[in-house]
Amino acid sequence: MSKPDTVRFRYNQAILVAAVIAFIGALPLANARAYLLPVLLVPLAVAVWAWRAGTDADARELRVRALAGQRRIDWDQVLELATDQRGRAVARLDDGQQVVLPAVRGADLPHLISATGQTLPQPSAETPGQ
């Protein structure tokens, strides 16, 4: 169970609904021949991925969750949070790696940063004539 100070980012749950519908639609095909039974694994894998994949953040660490595993990244390893060309959020680490944060968009970065307990710097209100 997640703590109240943990921010969770997940994909839209419509993907899960689509996977359930695809599973139901594949049942007649899988029942037609025994060798077509593995067809049911595809929508099942998509459903598990849609339910599980995402990013969790709290004051201590980032947890990047995928279909079968997760990676924990301490905040002191993160040099920068940025966006890539596709608008996805990435974490640049101190060892030179870039980790794509699943289900986090560039617009979600302020919410992600607030999970650390840090505040964003306020833009300075300079007048153009100075």
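The structure displayed is predicted, hence computed values, not measured ones.

J.: I would appreciate a short explanation of the overall build of the chain in the present structure.
T.: Looking only at helices and strands, one finds three helices and seven strands in the chain. Mapped in sequence order, the helices and strands of the chain form the string β-α-α-β-β-β-β-β-β-α. Taken over 130 residues, the chain has a buried fraction of 33%. Across the chain, every contact between residues at least 6 apart in sequence was considered, and the portion connecting residues at least 24 apart equals 42%. Of the accessible surface of the chain, which amounts to about 8,800 Å², a share of 59% is contributed by carbon and sulfur atoms.

J.: Help me understand the nonpolar core in this model?
T.: Soluble globular proteins tend to bury their nonpolar side chains together. Counting residues in each nonpolar core, the largest one holds 19 residues, and the members touching the most others are Leu62, Val78, Leu81, Leu101 and Leu112. Counting residues per element, this core draws most heavily on strand S7 (residues 98-105), at four residues. With residues up to four places along the chain from it excluded, the contact list for Leu101 reads Thr55, Leu62, Val64, Leu81, Ala89, Val90, Ala91 and Leu112.

J.: Help me understand a negative patch on the surface, please; the structure alone is not making it clear to me.
T.: A contiguous patch of negative charge on the surface is contributed by Asp74, Asp76, Asp94 and Asp95. Relative to the assigned elements, Asp74 resides in strand S4 (residues 70-74).

J.: What should I look at first to understand the sheet that holds strand S3 (residues 61-65) in this one?
T.: Strands in a sheet are paired, the pairing made by backbone hydrogen bonds, and the direction either parallel or antiparallel. Strand order across the open sheet formed by four strands is S1-S2-S3-S4, with antiparallel pairing between neighbours. Whereas interior strands pair on both sides, the edge strands pair on one side only; in this sheet they are strand S1 (7-10) and S4. Ignoring which end each strand starts from, the neighbouring axes of this sheet average 15° apart. Across four bridges, S1 lies against strand S2 (residues 54-57) in antiparallel orientation. Residue pairing across strands places Arg10 opposite Gly54, the latter belonging to S2.

J.: I tried to follow the packing of helix H1 (residues 14-32) against helix H2 (residues 41-52) on my own but got confused; where do I start?
T.: When two helices pack together, their arrangement is given by the angle between their axes and by how far apart the axes lie. Axis separation between H1 and H2 bottoms out at 8 Å; the angle between their running directions is 160°. As far as their axial angle goes, H2 and H1 are roughly antiparallel. Crossing geometry of H1 relative to H2 is assigned as left-handed. Residues Ile15, Leu16, Ala19, Ala22 and Phe23 of H1 pack against Pro43, Val46, Ala47, Trp49 and Ala50 of H2. Its residues assigned to classes, the contact of H1 with H2 shows 10 nonpolar, no polar and no charged.

J.: Which parts of the structure should I look at to understand H2?
T.: Note: α-helices contain 3.6 residues per turn, so residues at a spacing of three or four share the same orientation. Relative to the 16 Å expected for 12 residues at 1.5 Å per residue, H2 spans 16 Å between its end C-alpha atoms, a close match to the ideal helical length. For H2, the full list of buried residues reads Pro43, Ala47, Ala50 and Arg52. In this structure, the buried residues of H2 make contact with S1, H1, S2, S3 and S4.

The rules we used
- Residues numbered from 1 in each chain as written.
- Predicted model: local features only at pLDDT ≥ 70, side-chain atom pairs only at ≥ 80, totals over all residues.
- Heavy atoms only, no water.
- Helix = DSSP H or I, 4+ residues; strand = E, 2+ residues; numbered from the N terminus.
- Buried < 20%, exposed > 50% of the residue type's maximum accessible area, 1.4 Å probe, protein only.
- Contact = heavy atoms within 4.5 Å.
- Areas by Shrake-Rupley, 256 points an atom, 1.4 Å probe, with all protein chains shown as cover.
- Core = buried A, V, L, I, M, F, W, Y, C linked by side-chain atoms within 4.5 Å.
- Patch = residues over 30% accessible without salt bridge, like charges linked within 9 Å, V, L, I, M, F, W, Y side chains within 5 Å.
- Salt bridge = Lys/Arg side-chain N within 4 Å of Asp/Glu carboxyl O.
- Lys, Arg positive; Asp, Glu negative; His and termini not counted.
- Charge placed at Lys NZ, Arg CZ, Asp CG, Glu CD.
- Pairing = 2+ DSSP bridges.
- Axes fitted to C-alpha atoms, helices over the stretch in contact; angles between N-to-C directions.
- Parallel < 35°, antiparallel > 145°, perpendicular 65-115°, else oblique.
- Left-handed = near helix turned anticlockwise from the far one by under 90°.
- Nonpolar A, V, L, I, M, F, W, Y, C, P; charged D, E, K, R; others polar.
- Expected span 1.5 Å × (residues − 1).

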